[in-house]
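Next come the chains, spelled out residue by residue.
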Amino acid sequence: MQQPYESAGAGPAPGGPGQRARVLVVDDDPTVAEVVSGYLDRAGYVVDRAGDGPAALARAAAHWPDLVVLDLMLPGMDGLEVCRRMRGHGPVPVIMLTARGDEDDRILGLEVGADDYVTKPFSPRELVLRVESVLRRTRPAAGARPLRLAGLVVDPEARRATRNGEELALTIREFDLLAFFLRNPGRAYCREDLMREVWGWDFGDLSTVTVHVRRLRGKVEEDPGRPRLIQTVWGVGYRFEEPAPREAPTLREEAV
(Lines give C-alpha, C1' and ligand atoms only; values in the text may rest on other atoms or scores of the structure.)
Protein backbone atom coordinates (compact mmCIF):
# COMPACT_ATOMS: atom_id res chain seq x y z
CA MET A 1 0.00 0.00 0.00
CA GLN A 2 1.22 3.49 -0.80
CA GLN A 3 2.40 5.35 2.28
CA PRO A 4 0.66 8.71 2.73
CA TYR A 5 3.72 10.45 4.15
CA GLU A 6 7.21 10.51 2.74
CA SER A 7 9.03 13.35 4.49
CA ALA A 8 8.87 15.41 7.63
CA GLY A 9 7.69 18.51 5.81
CA ALA A 10 8.90 22.09 6.03
CA GLY A 11 8.82 22.53 9.78
CA PRO A 12 6.39 24.04 12.24
CA ALA A 13 4.11 26.95 11.68
CA PRO A 14 5.16 29.86 13.89
CA GLY A 15 3.27 30.56 17.08
CA GLY A 16 3.82 34.24 16.39
CA PRO A 17 6.51 36.51 14.91
CA GLY A 18 9.85 34.89 15.72
CA GLN A 19 8.23 32.20 17.88
CA ARG A 20 7.93 28.45 17.61
CA ALA A 21 4.50 26.86 17.73
CA ARG A 22 3.53 25.33 21.08
CA VAL A 23 1.92 21.87 21.07
CA LEU A 24 0.25 20.31 24.11
CA VAL A 25 0.39 16.49 24.10
CA VAL A 26 -2.26 14.87 26.32
CA ASP A 27 -1.99 11.09 26.78
CA ASP A 28 -2.06 8.91 29.89
CA ASP A 29 0.35 6.41 28.31
CA PRO A 30 3.84 7.70 29.22
CA THR A 31 5.48 5.81 26.36
CA VAL A 32 3.15 7.28 23.72
CA ALA A 33 3.47 10.77 25.21
CA GLU A 34 7.27 10.52 25.32
CA VAL A 35 7.60 9.28 21.74
CA VAL A 36 5.17 11.86 20.34
CA SER A 37 6.79 14.67 22.31
CA GLY A 38 10.24 13.62 21.11
CA TYR A 39 9.23 13.67 17.46
CA LEU A 40 7.51 17.05 17.82
CA ASP A 41 10.50 18.49 19.70
CA ARG A 42 12.87 17.34 16.95
CA ALA A 43 10.53 18.90 14.38
CA GLY A 44 11.03 22.26 16.08
CA TYR A 45 7.96 22.62 18.27
CA VAL A 46 7.74 23.72 21.88
CA VAL A 47 6.07 20.75 23.59
CA ASP A 48 4.06 20.59 26.81
CA ARG A 49 2.77 17.30 28.23
CA ALA A 50 -0.16 16.26 30.41
CA GLY A 51 -1.33 12.82 31.53
CA ASP A 52 -4.99 13.55 32.24
CA GLY A 53 -7.78 16.05 31.63
CA PRO A 54 -7.35 18.35 34.66
CA ALA A 55 -3.60 18.54 34.07
CA ALA A 56 -4.22 19.36 30.41
CA LEU A 57 -6.57 22.21 31.30
CA ALA A 58 -4.07 23.56 33.82
CA ARG A 59 -1.25 23.42 31.27
CA ALA A 60 -3.39 25.17 28.68
CA ALA A 61 -4.32 27.89 31.18
CA ALA A 62 -0.64 28.48 32.01
CA HIS A 63 0.58 28.45 28.38
CA TRP A 64 -2.14 28.51 25.77
CA PRO A 65 -1.15 26.05 23.01
CA ASP A 66 -1.19 26.61 19.27
CA LEU A 67 -2.43 23.01 18.89
CA VAL A 68 -3.42 20.09 21.12
CA VAL A 69 -2.72 16.41 20.45
CA LEU A 70 -5.41 14.85 22.61
CA ASP A 71 -6.01 11.19 23.47
CA LEU A 72 -9.70 10.37 23.45
CA MET A 73 -9.52 7.76 26.21
CA LEU A 74 -8.27 9.53 29.31
CA PRO A 75 -8.91 8.53 32.93
CA GLY A 76 -11.56 10.52 34.77
CA MET A 77 -12.21 13.29 32.25
CA ASP A 78 -12.19 11.96 28.69
CA GLY A 79 -10.80 13.74 25.67
CA LEU A 80 -14.23 14.88 24.49
CA GLU A 81 -14.81 16.81 27.71
CA VAL A 82 -11.29 18.24 27.64
CA CYS A 83 -11.90 19.44 24.09
CA ARG A 84 -15.22 21.03 25.06
CA ARG A 85 -13.71 22.87 28.00
CA MET A 86 -10.72 24.12 26.06
CA ARG A 87 -12.93 25.35 23.26
CA GLY A 88 -14.98 27.17 25.89
CA HIS A 89 -11.92 29.29 26.68
CA GLY A 90 -10.87 30.02 23.12
CA PRO A 91 -10.25 28.57 19.67
CA VAL A 92 -7.51 25.97 19.48
CA PRO A 93 -6.84 23.29 16.85
CA VAL A 94 -7.20 19.73 18.16
CA ILE A 95 -5.92 16.45 16.72
CA MET A 96 -7.46 13.51 18.54
CA LEU A 97 -5.82 10.13 19.08
CA THR A 98 -8.35 7.30 18.89
CA ALA A 99 -8.25 3.51 19.03
CA ARG A 100 -8.52 1.80 15.66
CA GLY A 101 -12.02 0.58 14.94
CA ASP A 102 -13.81 2.95 17.31
CA GLU A 103 -15.65 4.75 14.50
CA ASP A 104 -18.38 6.09 16.78
CA ASP A 105 -15.78 7.66 19.05
CA ARG A 106 -13.97 9.23 16.11
CA ILE A 107 -17.20 10.74 14.83
CA LEU A 108 -17.99 12.03 18.33
CA GLY A 109 -14.59 13.68 18.40
CA LEU A 110 -15.27 15.40 15.10
CA GLU A 111 -18.72 16.45 16.30
CA VAL A 112 -17.15 18.08 19.36
CA GLY A 113 -14.88 20.03 17.04
CA ALA A 114 -11.65 18.09 16.56
CA ASP A 115 -9.88 19.27 13.41
CA ASP A 116 -8.31 15.91 12.65
CA TYR A 117 -7.66 12.53 14.22
CA VAL A 118 -5.07 9.79 14.08
CA THR A 119 -5.87 6.16 14.93
CA LYS A 120 -3.68 4.06 17.20
CA PRO A 121 -1.28 2.49 16.50
CA PHE A 122 0.10 5.31 14.39
CA SER A 123 3.35 6.52 12.90
CA PRO A 124 4.78 9.44 14.93
CA ARG A 125 6.10 10.79 11.63
CA GLU A 126 2.53 10.80 10.30
CA LEU A 127 1.34 12.65 13.37
CA VAL A 128 4.02 15.32 12.96
CA LEU A 129 2.89 15.92 9.40
CA ARG A 130 -0.73 16.12 10.49
CA VAL A 131 0.29 18.73 13.06
CA GLU A 132 2.15 20.68 10.38
CA SER A 133 -0.84 20.50 8.04
CA VAL A 134 -3.32 21.78 10.62
CA LEU A 135 -1.04 24.57 11.83
CA ARG A 136 -0.26 25.62 8.28
CA ARG A 137 -3.96 26.28 7.76
CA THR A 138 -4.07 28.59 10.78
CA ARG A 139 -1.69 31.02 9.11
CA PRO A 140 -3.44 34.11 7.75
CA ALA A 141 -3.66 34.22 3.97
CA ALA A 142 -1.87 37.49 3.32
CA GLY A 143 -3.56 39.65 0.69
CA ALA A 144 -6.55 37.34 0.22
CA ARG A 145 -9.77 39.26 -0.33
CA PRO A 146 -12.92 38.54 1.69
CA LEU A 147 -15.44 36.20 0.09
CA ARG A 148 -19.08 37.32 0.13
CA LEU A 149 -22.12 35.27 -0.82
CA ALA A 150 -25.61 34.62 0.53
CA GLY A 151 -25.15 36.80 3.60
CA LEU A 152 -21.86 35.08 4.46
CA VAL A 153 -18.53 36.89 4.62
CA VAL A 154 -15.30 34.91 4.95
CA ASP A 155 -12.08 36.87 5.46
CA PRO A 156 -9.13 34.48 4.87
CA GLU A 157 -6.57 37.04 6.03
CA ALA A 158 -8.28 37.64 9.38
CA ARG A 159 -9.52 34.02 9.63
CA ARG A 160 -12.94 35.44 10.44
CA ALA A 161 -16.39 34.50 9.14
CA THR A 162 -19.76 36.16 9.66
CA ARG A 163 -23.37 35.38 8.76
CA ASN A 164 -25.65 38.39 8.37
CA GLY A 165 -23.14 40.42 10.35
CA GLU A 166 -22.85 37.95 13.25
CA GLU A 167 -19.53 36.22 13.79
CA LEU A 168 -19.46 32.46 13.33
CA ALA A 169 -17.55 30.20 15.73
CA LEU A 170 -15.88 27.87 13.24
CA THR A 171 -13.12 25.33 13.68
CA ILE A 172 -10.16 25.47 11.30
CA ARG A 173 -11.58 22.79 9.03
CA GLU A 174 -15.08 24.31 9.07
CA PHE A 175 -13.59 27.67 8.11
CA ASP A 176 -11.58 26.16 5.26
CA LEU A 177 -14.57 24.16 4.05
CA LEU A 178 -16.81 27.24 4.00
CA ALA A 179 -14.13 29.29 2.22
CA PHE A 180 -13.77 26.56 -0.41
CA PHE A 181 -17.52 26.45 -1.00
CA LEU A 182 -17.69 30.24 -1.36
CA ARG A 183 -14.84 30.20 -3.86
CA ASN A 184 -16.57 27.52 -5.92
CA PRO A 185 -20.34 28.09 -5.84
CA GLY A 186 -22.64 26.12 -8.08
CA ARG A 187 -20.27 23.21 -8.60
CA ALA A 188 -20.81 19.74 -7.12
CA TYR A 189 -17.91 18.10 -5.30
CA CYS A 190 -17.67 14.53 -4.10
CA ARG A 191 -16.30 13.82 -0.66
CA GLU A 192 -12.99 12.64 -2.15
CA ASP A 193 -12.62 16.03 -3.87
CA LEU A 194 -13.30 17.86 -0.62
CA MET A 195 -10.88 15.64 1.30
CA ARG A 196 -8.17 16.48 -1.21
CA GLU A 197 -8.90 20.20 -1.65
CA VAL A 198 -9.75 21.15 1.96
CA TRP A 199 -7.90 18.59 4.08
CA GLY A 200 -4.97 18.16 1.72
CA TRP A 201 -5.13 14.35 1.80
CA ASP A 202 -5.41 12.15 -1.28
CA PHE A 203 -7.27 9.53 0.78
CA GLY A 204 -8.71 9.17 4.26
CA ASP A 205 -11.86 8.49 6.24
CA LEU A 206 -14.62 10.18 4.23
CA SER A 207 -16.90 10.31 7.27
CA THR A 208 -14.70 13.22 8.35
CA VAL A 209 -16.09 15.24 5.43
CA THR A 210 -19.67 14.19 6.20
CA VAL A 211 -19.42 15.25 9.83
CA HIS A 212 -17.85 18.63 8.98
CA VAL A 213 -20.52 19.37 6.38
CA ARG A 214 -23.19 18.58 8.96
CA ARG A 215 -21.54 20.80 11.57
CA LEU A 216 -21.10 23.62 9.07
CA ARG A 217 -24.75 23.43 8.05
CA GLY A 218 -25.68 23.82 11.70
CA LYS A 219 -23.87 27.15 11.75
CA VAL A 220 -24.72 28.72 8.38
CA GLU A 221 -28.18 27.39 7.49
CA GLU A 222 -31.45 28.89 8.72
CA ASP A 223 -32.85 25.37 8.92
CA PRO A 224 -30.03 22.78 8.99
CA GLY A 225 -32.58 20.00 8.49
CA ARG A 226 -33.60 21.58 5.17
CA PRO A 227 -30.37 23.15 3.89
CA ARG A 228 -30.62 25.74 1.14
CA LEU A 229 -26.93 26.73 0.92
CA ILE A 230 -24.93 23.50 1.23
CA GLN A 231 -27.05 21.14 -0.81
CA THR A 232 -26.66 17.39 -1.10
CA VAL A 233 -26.24 16.19 -4.68
CA TRP A 234 -27.38 12.59 -4.50
CA GLY A 235 -24.84 10.14 -5.85
CA VAL A 236 -22.20 12.86 -6.09
CA GLY A 237 -21.60 14.89 -2.92
CA TYR A 238 -22.29 18.53 -2.07
CA ARG A 239 -22.82 21.83 -3.83
CA PHE A 240 -22.98 25.37 -2.46
CA GLU A 241 -25.82 27.42 -3.95
CA GLU A 242 -26.99 30.93 -3.28
CA PRO A 243 -30.74 30.40 -2.79
CA ALA A 244 -33.21 32.26 -4.93
CA PRO A 245 -35.12 35.01 -3.10
CA ARG A 246 -38.28 33.76 -1.51
CA GLU A 247 -41.35 34.94 -3.38
CA ALA A 248 -43.78 37.13 -1.49
CA PRO A 249 -47.05 35.33 -0.74
CA THR A 250 -50.05 36.16 -2.90
CA LEU A 251 -53.21 37.64 -1.38
CA ARG A 252 -54.89 34.23 -1.59
CA GLU A 253 -51.96 32.59 0.21
CA GLU A 254 -52.09 35.25 2.92
CA ALA A 255 -55.79 34.65 3.41
CA VAL A 256 -55.44 30.88 3.85
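All of the points below concern the structure found in this document. (Residues numbered from 1 in each chain as written. Predicted model: local features only at pLDDT ≥ 70, side-chain atom pairs only at ≥ 80, totals over all residues. Heavy atoms only, no water.)

## A few points about the pairing of strand β13 (residues 230–233)
Bridge count between β13 and strand β14 (residues 237–240): four bridges; the pairing is antiparallel. Residue pairing for β14: Ile 230 is matched across the bridge by Phe 240. With antiparallel pairing between neighbouring strands as the criterion, β13 and β14 make up a hairpin whose turn holds three residues, including Gly 235 at a positive phi of roughly 80°. (Pairing = 2+ DSSP bridges. Helix = DSSP H or I, 4+ residues; strand = E, 2+ residues; numbered from the N terminus.)

## Describing the sheet that holds strand β11 (residues 166–167)
Sheet architecture is open: four strands sit in the order β8-β9-β10-β11, paired in antiparallel fashion. Either end of the sheet is taken by a strand with one partner, and the two such strands are β8 (147–149) and β11. Sheet topology note: the β8/strand β9 (residues 152–155) ladder contains three bridges and is antiparallel. Looking at β9, one finds that Arg 148 is bridged to Val 153. The strands touched by helix α6 (residues 172–183) are β8, β9 and β10 (160–163); relative to β9, the strand with the most contacts, the crossing angle is about 115°. (Contact = heavy atoms within 4.5 Å. Axes fitted to C-alpha atoms, helices over the stretch in contact; angles between N-to-C directions.)

## Concerning the packing of α6 against helix α7 (residues 191–199)
At their nearest, the axes of α6 and α7 sit 10 Å apart, and the two run at 110° to each other. In terms of orientation, α6 lies roughly perpendicular with respect to α7. Our pair here, α6 against α7, has a crossing hand that is right-handed. Contact residues: α6 offers Arg 173, Asp 176, Leu 177, Phe 180 and Phe 181, while α7 offers Leu 194, Glu 197, Val 198 and Trp 199. Classifying every residue of the contact of α6 with α7 by side-chain character gives six nonpolar, no polar and three charged. (Parallel < 35°, antiparallel > 145°, perpendicular 65-115°, else oblique. Left-handed = near helix turned anticlockwise from the far one by under 90°. Nonpolar A, V, L, I, M, F, W, Y, C, P; charged D, E, K, R; others polar.)

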